[in-house]
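Structure at a glance
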Amino acid sequence: MLTEFGSYIRERREALKADNKSFSLRQVAQRIEVEPSYLSKVERGREVPSETKIRRLADELGLNCMINEHHQTATCLNSAGPLPLAILARQTKNARLCILGNPVANLADPIRCAEEMAMIDNISYGRLDCGFVRGVPYELFASNANPTETKERLWESIDLIIRAWTSHDGPFNYEGRWIHKRQVNVWPRPYQQPHPQIEEHTSELQSRTNLVCRLLLEKKKKTYIQANDSPQLVCS
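What this report covers is the structure whose coordinates are included nearby. (Residues numbered from 1 in each chain as written. Predicted model: local features only at pLDDT ≥ 70, side-chain atom pairs only at ≥ 80, totals over all residues. Heavy atoms only, no water.)

Remarks on empty space enclosed by the protein
Evaluated as defined, the whole model comprises one cavity of 30 Å³ or more. There is about 40 Å³ of room inside the largest cavity. Forming the boundary of the largest cavity are Ile32, Val34, Tyr38, Leu39, Val42, Pro49, Lys53 and Leu57. Every element with two or more residues in the lining of the largest cavity is listed here: helix H3 (36-43) and helix H4 (51-60). Of the residues forming the lining of the largest cavity, the biggest block, three residues, is contributed by H3. Residue composition of the lining of the largest cavity, grouped by class: seven nonpolar, no polar and one charged. (1 Å grid on protein atoms, 1.4 Å probe; cavity = no way out; pocket = protein on both sides within 12 Å on 5 of 7 lines; lining within 4 Å. Points joined across faces, edges and corners; volume = space filled by probe spheres on them. Helix = DSSP H or I, 4+ residues; strand = E, 2+ residues; numbered from the N terminus. Nonpolar A, V, L, I, M, F, W, Y, C, P; charged D, E, K, R; others polar.)

Regarding unusual backbone geometry
Note that the residue after Trp187, namely Pro188, is joined by a cis bond; omega there is -5 degrees. With respect to the secondary-structure elements, Pro188 resides in the loop between strand S5 (180-184) and strand S6 (197-201). With an omega dihedral of 5 degrees, the bond running from Gln193 to Pro194 counts as a cis peptide bond. Mapping Pro194 onto the fold places it in the loop between S5 and S6.

Describing the packing of helix H5 (residues 82-91) against helix H6 (residues 110-123)
Helix-helix packing is characterised by the crossing angle of the two axes and by the distance between the axes. Their axes nearest at 8 Å, the elements H5 and H6 cross at an angle of 15 degrees. Overall, the two elements H5 and H6 adopt an arrangement that is roughly parallel. As for how H5 packs across H6, the hand of that crossing is left-handed. Mapping the contact onto sequence places Pro82, Leu85, Ala86, Ala89 and Arg90 in H5 and Glu116, Met117, Ile120 and Ile123 in H6. (Axes fitted to C-alpha atoms, helices over the stretch in contact; angles between N-to-C directions. Parallel < 35°, antiparallel > 145°, perpendicular 65-115°, else oblique. Left-handed = near helix turned anticlockwise from the far one by under 90°. Contact = heavy atoms within 4.5 Å.)

A closer look at the environment of His168
Checked against the element boundaries, His168 lands in the loop between helix H7 (150-166) and strand S4 (172-175). For the pair His168 and Val186, spaced 18 residues apart in sequence, the C-alpha to C-alpha distance is 9.9 Å. Every residue in contact with His168, bar those within four places of it in the chain, is listed here: Arg189 and Gln193. Reaching out from His168, the side chain makes a polar contact with the backbone oxygen of Thr166 at a distance of 3.4 Å. Engagement of the side chain of His168 in a polar contact is seen with the side chain of Arg189, the distance being 3.2 Å. (Polar contact = N/O pair within 3.5 Å; in protein donor to acceptor, adjacent residues only side chain to side chain.)

Description of the environment of Gly62
By the secondary structure assignment, Gly62 is in the loop between H4 and strand S1 (65-68). Separated by 50 residues in sequence, Gly62 and Arg12 place their C-alpha atoms 9.0 Å apart.

Quick notes on the pattern of salt bridges
A complete count under the given rule lists 11 salt bridges for this structure. One salt bridge in this structure joins Glu43 and Arg13, with 2.6 Å as the shortest N-O distance. Of this pair, Glu43 sits in helix H3 while Arg13 sits in helix H1 (residues 2-17), and the two are 30 residues apart along the sequence. Side by side, Glu43 and Arg13 carry an identical accessibility label, which is buried. Counted as one network, the salt bridges with shared partners bring together Arg13, Glu14 and Glu43. (Salt bridge = Lys/Arg side-chain N within 4 Å of Asp/Glu carboxyl O. Buried < 20%, exposed > 50% of the residue type's maximum accessible area, 1.4 Å probe, protein only.)

Here is the structure:
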């Protein structure tokens with residue numbers, strides 16, 4: 001695995017170097033703040049780079065970064081996606097930064113999520129792709145939430161977040177089935193207008209259809225569905 005990773009990094013860098021001599025091993029190492037000998041070991045599969053170095057390499061080599069978030073399991077040790085995402089917003093310059101995702105169906109306050117994502121979009125100068133997920137049952141038990149209600153909570157939270165990002169006529173009240181808010185007034189607004197690209201991954205056709213219909217009701221949106229082994233719906 002290390003050898004394959006190193007070979008990919010080397011091939012990617014050499015391909016860029018063919019058109020731009022600044023992608024020599026020494027110059028790339030200097031830009032990501034490591035020794036050339038260290039980067040050479042990474043490319044030969046003899047060094048295990050940290051997660052931070054991998055993402056800085058990705059940024060340098062024209063790749064994008066994705067942050068995942070899960071709770072109550074040792075299979076994912078990132079339980080607070082916005083924290084590393086904010087760090088990446090500072091450390092990278094070119095890569096799109098995607099979070100998949102924000103478990104808004106299990107958040108006590110979706111407005112906090114809207115504020116955090118807007119801040120990260122501003123820090124990164126508009127490089128955020130914002131994903132929302134329903135989550136899985138074992139992530140909900142500790143909060144004493146009902147897993148059968150999370151689908152409706154997900155859509156309601158997304159509705160509120162989009163409205164918080166795009167409302168420009170003063171504070172508003174929000175009355176949903178699950179969420180009740182007064183005088184919502186999120187600042188700063190996202191750097192990208194009207195809002196960052198929204199991604200929702202689901203295996204349920206009805207869920208994808210629901211999101212398409214909701215977003216098509218808004219102006220200045222374009223929506224498409226990518227049908228594959230892991231169905232992906234992307235709206236911007």
